[in-house]
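A closer look at the structure
Chain residues, written in single-letter form:
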Amino acid sequence: MKPEIRSLTGLRGIAATLVMLDHYAAIDFSYPFPLDMLPHMYLAVDMFMLLSGFILAMTYEDRLASLSVREGYRTFLLRRIARLYPLYAVTTVVCFVLCRMGWLTFLNPDNSYGALVANLLAVQTWLWPGSSLNGPGWSISAEWFANLVFPLLVPVILGRSLALATWSSGLAFVGLVVSAIMFGQLFDVPASGAVNMISGPQALGRCVTEFVIGMYCWRVRSRLAWTSVLADNRIQAGLLFCLAILIQFTMLDAAFVLICALLLIGLSFETSILSGMLQSGPLSYLGKISYSIYLVHITLLPVRDGLAGLFESYNVLGAWTLAVLCTALLALALATLSWRYLEQPAQGYLQGSLRARYVRHA
């Protein structure tokens, strides 16, 4: 296994925190810049998918090459189940209970028992659109689909032919653009160019194409020396400026994703000022608990609403903002606990069982 790229861990922590604040703040597009950046934080999910493709390509490229196709596929999927499933399953059940009690209405999902089964199998985005009990769970379902096809993508994106990899990634990007133009939406209102598609084939297409682009980013970063130019401080400042501009225009979401991909490559060299900031202790820690932040924070939406009502009843100045901040702090505390006492132990146990199984059969 290749060592961790801490700057990308910090970036993942920022992305998860922004998604949480977006869901808690519920700010619409009527706010002036820079607050109107918050409703665009669905783009953090696109950063997650780029990161996922990049990191998995980096981590498993050599490992899969050393195993037979069957063993490589099985090993990879078992490890991904150990990484993703325990926390996802627990938060899904919690959200199901909250939905059935009428306390959680985020995205108004189907809360039937059939939908629960689809969610627990992580296929709701494919087969049961609009039924993600844990709102962000739609992307976990889409990522699971990407994981299923990842070993099949490795020879295409990471194989000998750079031309094949480039054409495949280019077609993936074109597909993202076309899908955003045809199916993009914001707040359930059609918005041509927005990549915010969260159910059905469009959501799968969004996530898988970005996953492929992330894999391609690792390929060029690891094989083409000239990509180190993206680690230059001035270039990264320029990329950040472009992102700040592009995030205001939903019709340019695909361009935002492309700039994110270039920034990801540059940050992975860990030589710039920005990458150093992302490696700081607090951001690195946020990155470690980012998966917990991403899945746990929705369960506290009833708490936010309760605090807002309480503060308003006492005429507290800025009641809504205070409720959002208090709930965000509670979510970070709960994410810390879930990471330490659920996510890590479950992952360690399942991966330990996997290693023991291979030792017994060696």
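Below: a short report on this structure. (Residues numbered from 1 in each chain as written. Predicted model: local features only at pLDDT ≥ 70, side-chain atom pairs only at ≥ 80, totals over all residues. Heavy atoms only, no water.)

**A closer look at the pattern of salt bridges**
Heads up, the condition is: Within this document, salt bridges are pairs made up of a side-chain nitrogen of Lys or Arg and a carboxyl oxygen of Asp or Glu, the two lying within 4 Å of each other. We count a stretch as a helix when DSSP gives it H or I for four or more residues in a row; a strand needs E for two or more, and each element gets its number in order from the N terminus.
Applying the stated rule across the entire model yields seven salt bridges. Between Glu 61 and Arg 223 there is a salt bridge, with the nearest N and O atoms lying 2.3 Å from each other. Placement of the pair is Glu 61 in helix H2 (residues 43-65) and Arg 223 in helix H8 (residues 200-223), with a sequence separation of 162 residues.

**Comments concerning the side chain of Thr 250**
The line we're drawing: For the exposure calls, accessible area comes from a 1.4 Å probe over protein chains only, and a residue counts as buried if that area is under 20% of its type's maximum, exposed if over 50%, partly exposed in between. Two residues qualify as a contact provided that any one of their heavy atoms is within 4.5 Å of a heavy atom in the partner residue.
By the secondary structure assignment, Thr 250 is in the loop between helix H9 (233-246) and helix H10 (253-267). A residue is classified by how much of its surface remains accessible, and Thr 250, at 14% relative accessible area, is buried. If we skip the residues at most four places from it in the chain, Thr 250 touches Phe 29, His 40, Tyr 42, Leu 186, Gly 193 and Ala 194.

**Some words on the environment of Ala 335**
On the secondary structure map, Ala 335 appears in helix H15 (residues 319-360). Exposure remark for Ala 335: the relative accessible area of 0% places this residue in the buried category. Taking C-alpha positions, Ala 335 is 38 Å from Leu 171, a pair spaced 164 residues apart along the chain. The residues contacting Ala 335, other than those within four sequence positions of it, are Ile 289, Ser 292, Ile 293 and Val 296.

**Structural notes on helix H1 (residues 6-25)**
Our working definition: Residue count minus one, scaled by 1.5 Å, sets the expected span of a helix.
Between its terminal C-alpha atoms H1 stretches 29 Å, which fits the 28 Å expected from 20 residues at 1.5 Å a residue. Of all 20 residues that make up H1, 15 are buried, and the element is covered over most of its length. Just downstream of H1, Ala 26 is the residue with a positive phi angle, here 55 degrees.

**Description of H10**
End to end, H10 covers 21 Å across 15 residues, agreeing with the expected 21 Å (1.5 Å per residue, within 8%). Burial within H10 is extensive, with twelve of its 15 residues counted as buried. Among all positions in H10, only Asp 253, Ala 254, Phe 256, Val 257, Ile 259, Cys 260, Ala 261, Leu 263, Leu 264, Ile 265, Gly 266 and Leu 267 are buried. Of the surrounding elements, those touching the buried residues of H10 are H1, H2, helix H7 (162-183), H8, H9 and helix H11 (273-278).

**So, the packing of H2 against helix H6 (residues 137-157)**
What counts, and what does not: In this analysis an axis means a line fitted to C-alpha atoms, helices contributing only their contacting stretch, and an angle means the value between N-to-C directions, from 0 to 180 degrees. For a crossing to be left-handed, the near helix must be turned anticlockwise from the far one by less than a right angle; the clockwise case is right-handed. Charged residues are taken to be Asp, Glu, Lys and Arg, nonpolar residues to be Ala, Val, Leu, Ile, Met, Phe, Trp, Tyr, Cys and Pro, and polar residues to be all remaining types, Gly included.
Relative orientation of the contacting elements H2 and H6 amounts to 30 degrees, with a least axis distance of 11 Å. Viewed along their axes, H2 and H6 form a crossing whose handedness is right-handed. In this structure, H2 uses Val 45, Met 49, Ser 52, Leu 56, Ala 57, Tyr 60 and Leu 64 to contact H6, whose residues at the interface are Trp 138, Ser 139, Glu 143, Asn 147, Phe 150 and Val 154. Class assignment of the residues belonging to the contact of H2 with H6 gives a composition of nine nonpolar, three polar and one charged.

**Things to note about the packing of H1 against helix H12 (residues 281-288)**
For the record, the criterion: Convention used here: angles under 35 degrees read as roughly parallel, angles over 145 as roughly antiparallel, angles from 65 to 115 as roughly perpendicular, and any remaining angle as oblique.
The geometry of H1 relative to H12 is characterised by a closest axis approach of 7 Å and an angle of 70 degrees between their N-to-C directions. One element, H1, and the other, H12, form an angle in the roughly perpendicular class. Contacts between H1 and H12 involve Arg 6, Thr 9, Gly 10, Arg 12, Gly 13, Ile 14 and Thr 17 from the former and Leu 283, Ser 284, Leu 286, Gly 287 and Lys 288 from the latter.

**Quick notes on the packing of aromatic side chains**
Defined as follows: The criterion for an aromatic pair is that two Phe, Tyr or Trp rings (for Trp, the six-membered ring) have centres within 6.5 Å, with stacked assigned to planes under 30 degrees apart, edge-to-face to planes over 60 apart and tilted to the rest. Throughout this description, the term charge over a ring refers to an Arg CZ or Lys NZ atom that lies within 6 Å of the ring centre and within 35 degrees of the ring normal.
A complete count under the given rule lists nine aromatic pairs for this structure. A centroid spacing of 5.2 Å and a plane angle of 80 degrees characterise the contact between Trp 126 and Phe 145, whose relative ring orientation is edge-to-face. Residue Trp 126 is found in helix H5 (residues 124-127), and its partner Phe 145 is found in helix H6; the two are separated by 19 residues along the sequence. On the numbers, 5.8 Å between centres and 85 degrees between planes, the contact of Tyr 285 with Trp 339 is edge-to-face. Of the two residues, Tyr 285 is situated in helix H12 and Trp 339 in helix H15; the sequence distance between them amounts to 54 residues. Taken together, the ring pairs in this structure connect Tyr 60, Phe 76, Phe 150 and Phe 211 into an aromatic cluster. The cationic tip of Arg 221 hangs over the ring face of Phe 269; the distance from NZ or CZ to the ring centre is 4.0 Å.

**Let's talk about unusual backbone geometry**
With a phi close to 55 degrees, Ala 26 is a non-glycine residue in the positive phi region. Take Ala 26: it is sitting in the loop between H1 and H2. A relative accessible area of 52% places Ala 26 in the exposed class. Unusually for a residue other than glycine, Ala 122 sits at a positive phi of about 60 degrees. By the secondary structure assignment, Ala 122 is in the loop between helix H4 (113-120) and H5. Overall, Ala 122 belongs to the buried group, its relative accessible area being 7%.

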